[in-house]
Structures are given as structure tokens and as C-alpha cells.
Amino acid sequence: MSDKRDYYEVLGVNKDATDKDLKKAFRSLARKYHPDKNSDPGADDKFKEIQEAFAVLSDSDKRAQYDRFGHSGPQMGGGFSGFDIRYEDLFGSGLDDLFSNLFGGGGRRSRPRQARGQSILVRKKIAFQMAFEGGSEEVSVDTFLSCDSCSGTGGATRDDVDICSTCRGSGQITQTRQVGPFVQQTSGICPSCQGRGKIIINPCKECKGEGRKKKKQTIRFNVPQGVDTGMRLRMRGKGHVPKQGGVAGDLEIELVLDNHPWFERDGAELLMSLPVGFPDLMLGKTVKISHLDGKPLVIKIPSNSLAGHTLNIPGRGLPDGRGRRGDVIVLLKLHIPNKPSRNLKSQLETLKTDLSITDEDLESAILDEAKDRRS
Ligand SMILES: [Zn+2]
Ligand SMILES: [Zn+2]
């Protein structure tokens, strides 16, 4: 009927194995075949087989059924998909938590809240060009990582981490005291284990029982197009590992976009000032400058342009995140030679009457200017 192996045989124990024998057998087999440590083909199935055998035999009702009916017992059927067991949980007090949580052996005892490591925030300056095309960058961070020698448990050997006897692993203690006619109950963090639920009998030499060591890590990350200063990228689990195991915190990278030599940014729009000589403003001119997208930016200054006016070059700004690009906005500035030569000055003298505003026209010119400003 069933081609399943005998559960006792799977765990390599006798029919009269005690609870302790079962745990011991399960612990050593599970470590051996855990998919994190064993990449042999078939190790995964073996690991599931071990879990299934243990799940049945460690439950006294199911075990009694199995002893009577074998694999065809009323509660035996159905596909067993295995539990999600972390390799680190197979050591020290993690194992006790595992048994009480997964197999219900320990009743409803609360598991100590899994410690969470601190998160790290780093600021990273990135080139302006990244805002245009995105890219890949890296940061170097000093991070507390799980100690290799003790797999993060903090114990010199696997048996040097024990469940805290004060709180019996819950990390919490409840004290009752008589206050007048009342019984007052206070619960708090266990002082013996600081809420970790476990005690290290003999600390690991490598990390002095901390279960973690600081190491420099280089982390690469992708910078999205359109990135701007203040954007934060969160990388789960890349922060510090807490003392004696738990969940690592996050790494948060705050990006600071470097300045561009001449562009200022306004969302997807790029703003720049362009110095233009007076004759070019009057007669018009086309200039070319190098641009972020690799193609030259062609700026056509029409004739009769005025300083202070802007030109719009559509679609040559930054990606707007909706598949389009913003504009480049060019502010025209009047360029006046720094040290005009004597020759230039004398030539200007001859043009003066044409270019200057006469005293009679001054008032109306001022009025026009004021109207311009208000419109
Ligand atoms: Zn404790
Ligand atoms: Zn260690």
C-alpha cells in the first residue's frame, strides 16, 4: 500500500525511543540534510521525510495511531509538504522554540519575540548623469554579520547555548505580589537573559558570545532613472544582525545627486543660462553644446531675441518616469566683454546713436519696460 519507510527507521531510533531520543535523532539528521548545508540531490526529500517522521512520532496521539495502524492510520494520510525550518533554528534554544512552535510539543508557551538587528542609513553621492540613465553604484558599510564560528548562536559549541531557566525560554517573567487585598501581576523582560530566552554557557571565542562580528561589506545597488536627492533605497536584511541571532535589520541608502556643471534640475526639466553677445541676440545664432544623452544640444537663438527670455527645447530633459522626457529651458543672458579693447570702444562710439535710447524716447521706453514686466 504505502512505499513509505518506517518512521522509526527514518529517524534511526527504537520503538521505545523517548521524547529526548527523538529530538536528538531529529536534530542531528536535520542538520545533516538541511538544504542550506546539503546540496546532494535527494537531500531535500530526505529532509522532508525526517520532518514527517518526527512530526508524527513526537505527537503522542499520532504516535499511538502509527504504532497500531502504520502509515494507513486515520490521521496519517495526505501529502506532507514539510516545514520552513531555518538552519540556525536547529541549534541551541532555537531548537526548543522550533519544537514548541512547529510541533506543538511545548503547548502555548509564547516564543520570545525574535530579535531584530539595527538598520543602517548611509548617504551616497551619485553622479548627475545617473538621473538621466540610472545605473549601478556601490556603498561600503561596516556591518555586524553572523559569526561564522558559532553560526550566530554565540556558544563555543552547539550545546553551549541553553534555554534560560529563569523564564523557560519565553524571555518574559511574570511576578505576582500582594498589594493590600489585590494580587498585582507585573510582567517584564527576563533579567537573566535580557529577553533573549537563552543563556550562553560557554561563549564562542571568535565573537566573545555576541554571535556576530563587524565586517566591511561592499553592496552594489541599482539607481533608477530620474533619481533625485533625498530618494531612499531600502535593502531588506542588509543591516546589522542582532546579538546572538535573529533577523538582520535593513540597509537604507539615501541618495544625494551631485550637481551638474551648468544644469539645474526641476523635476524632469533642466534649466540653464546661456550667455549671448548683443549682436547674436539681434541677428540670431545657432549654438551646439554637449549633452547628457550623448547627442549635441542644438540651441537656436532667433533674431531679435531679448536677454532674460527663455527658449524651450522639448524632450531633451530628464526621464519623467512615464516614458517621456522633460524639456531643456535655456535662459538667455546678455554677455558683455569683460575688458573691451580701445578699438571696440571707438567702434561702439560710431554705433551709439543707433543703439542707444535718446533722451526724448526715454520715458516711453521706461513705460514699455514696466508694461512688459507686469504682463
Ligand atoms: Zn530568561
Ligand atoms: Zn561566534
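## What about the overall build of the protein chain?
No. 1: Summing up its helical and strand segments, the protein chain has nine helices and 15 strands in all.
No. 2: Across the 375 residues that make up the protein chain, the buried fraction comes to 35%.
No. 3: For the protein chain, the share of sequence-separated contacts (at least 6 apart) that also reach a separation of at least 24 residues comes to 63%.
No. 4: For the protein chain, the computed accessible surface area is about 23700 Å², with 48% contributed by carbon and sulfur atoms.

## Some points on the sheet that holds strand E8 (residues 232–235)
No. 1: Spatially, three strands are ordered E1-E9-E8 in an open sheet, and the strand pairing comes out mixed. Both edges of this open sheet fall to strand E1 (120–126) and E8, since each of them pairs with a single strand only. Across this sheet, the average inter-strand angle for adjacent strands is 25°, counted without regard to direction.
No. 2: Judged from the four bridges that link them, E8 and strand E9 (residues 251–257) form a sheet pairing that is antiparallel. Residue pairing for E9: Met 235 is matched across the bridge by Leu 251.

## Quick word on the coordination of the zinc ion (ligand 1)
No. 1: The coordination sphere of the zinc ion (ligand 1) contains the protein donors Cys 164 (SG), Cys 167 (SG), Cys 190 (SG) and Cys 193 (SG), at a distance range of 2.2 to 2.3 Å.
No. 2: All donors to the zinc ion (ligand 1) come from one chain, and their sequence spacing reads C-x2-C-x22-C-x2-C. Here Cys 193 lies in the loop between strand E5 (182–189) and strand E6 (198–200) and Cys 167 lies in the loop between strand E3 (161–163) and strand E4 (172–179), a separation of 26 residues in the sequence.
No. 3: Relative accessible area serves as the criterion here: at 7%, Cys 167 is assigned to the buried category.
No. 4: On the accessibility criterion, Cys 193 (2% relative accessible area) is buried.

## A short note on helix H4 (residues 60–69)
No. 1: Buried within H4 are the following residues: Arg 63, Gln 65 and Tyr 66. The buried residues of H4 occupy an angular sector of 160° when projected down its axis, which confines them to one face. Facing away from the buried side of H4 by over 90 degrees, the exposed positions are Ser 60, Asp 61 and Arg 68.
No. 2: Contact partners of the buried residues in H4: helix H1 (7–11), helix H2 (19–33) and helix H3 (43–57).
No. 3: N-capping of H4 is provided by Asp 59, with a side-chain oxygen placed 3.1 Å from the backbone N of Asp 61.
No. 4: Of the residues one or two after H4, Gly 70 is the one with positive phi, at around 70°.

## Details of the packing of aromatic side chains
No. 1: Under the defined criterion, the tally for this structure stands at four aromatic pairs.
No. 2: Relative to Tyr 66, the ring of Tyr 8 has its centre 6.2 Å away and its plane inclined at 40°; by these criteria the two rings are tilted. Of the two residues, Tyr 8 sits in helix H1 while Tyr 66 sits in helix H4, which places them 58 residues apart along the sequence. Comparing Tyr 8 with Tyr 66, the two get one shared label, buried.
No. 3: The rings of Tyr 7, Tyr 8 and Tyr 66 are connected pair by pair, giving a single aromatic cluster.
No. 4: In this structure, Arg 212 packs its charged tip against the face of Phe 144, placed 3.7 Å from the ring centre.

## Topic: the coordination of the zinc ion (ligand 2)
Under perfect tetrahedral coordination by four donors, a metal shows angles of 109.5 degrees; under perfect octahedral coordination by six donors, it shows angles of 90 or 180 degrees.
No. 1: Only Cys 147 (SG), Cys 150 (SG), Cys 204 (SG) and Cys 207 (SG) from the protein coordinate the zinc ion (ligand 2), and they sit 2.3 Å from it.
No. 2: Between the four donor atoms coordinating the zinc ion (ligand 2), the angles at the centre fall across 104 to 116°, so the site counts as tetrahedral.
No. 3: If you list the donors of the zinc ion (ligand 2) from N- to C-terminus, the spacing comes out as C-x2-C-x53-C-x2-C.
No. 4: Accessibility expressed as a relative area gives 2% for Cys 147, which makes it buried.

## Structural notes on the pairing of E9
No. 1: In terms of burial, E9 is largely enclosed, as six of its seven residues are buried.
No. 2: Strand direction decides the pairing type here: E1 and E9, joined by seven bridges, are parallel. Across the sheet, Arg 123 pairs through a bridge with Glu 254, a residue of E9.

## Regarding the nonpolar core
No. 1: If you look at the biggest cluster of nonpolar residues, it comprises 36 residues, and the most contacted ones within it are Leu 251, Leu 274, Ile 299 and Val 330.
No. 2: Per-domain counts for this core show at least three residues from each of domain 2 (116–151 + 211–259) and domain 3 (264–374).
No. 3: Setting aside its immediate chain neighbours within four residues, Leu 251 contacts Ile 120, Val 122, Val 139, Val 141, Ile 219, Leu 233, Arg 234, Met 235, Lys 238 and Gly 239.
No. 4: Counting 23 residues, the second largest nonpolar core, distinct from the first, contains Leu 11, Phe 26, Ala 53 and Leu 57.

## Observations concerning the sheet that holds strand E14 (residues 310–313)
No. 1: Taking strand neighbours across the sheet as the criterion, the four strands line up as E10-E11-E15-E14 in an open arrangement whose pairing is mixed. What marks the edges here is a single partner per strand, and that holds for strand E10 (264–266) and E14. The sheet shows a mean angle of 30° between the axes of neighbouring strands, direction not considered.
No. 2: Relative to strand E11 (residues 269–277), E10 runs antiparallel, the two sharing three bridges. Of the residues in E11, the one forming a bridge with Arg 265 is Leu 270.

Conventions used here
- Residues numbered from 1 in each chain as written.
- Chains lettered and ligands numbered in written order.
- Predicted model: local features only at pLDDT ≥ 70, side-chain atom pairs only at ≥ 80, totals over all residues.
- Heavy atoms only, no water.
- Helix = DSSP H or I, 4+ residues; strand = E, 2+ residues; numbered from the N terminus.
- Buried < 20%, exposed > 50% of the residue type's maximum accessible area, 1.4 Å probe, protein only.
- Contact = heavy atoms within 4.5 Å.
- Areas by Shrake-Rupley, 256 points an atom, 1.4 Å probe, with all protein chains shown as cover.
- Pairing = 2+ DSSP bridges.
- Axes fitted to C-alpha atoms, helices over the stretch in contact; angles between N-to-C directions.
- Donors = N, O, S within 2.8 Å, 3.2 Å for Na, K, Ca; no water.
- Arc of directions from axis to C-beta.
- Polar contact = N/O pair within 3.5 Å; in protein donor to acceptor, adjacent residues only side chain to side chain.
- Phe/Tyr/Trp six-rings, centres within 6.5 Å; stacked < 30°, edge-to-face > 60°.
- Lys NZ or Arg CZ within 6 Å of the ring centre and 35° of its normal.
- Tetrahedral: all angles 85-135°; square planar, octahedral: opposite > 155°, others 65-115°.
- Core = buried A, V, L, I, M, F, W, Y, C linked by side-chain atoms within 4.5 Å.
- Domains from an automatic or database assignment.

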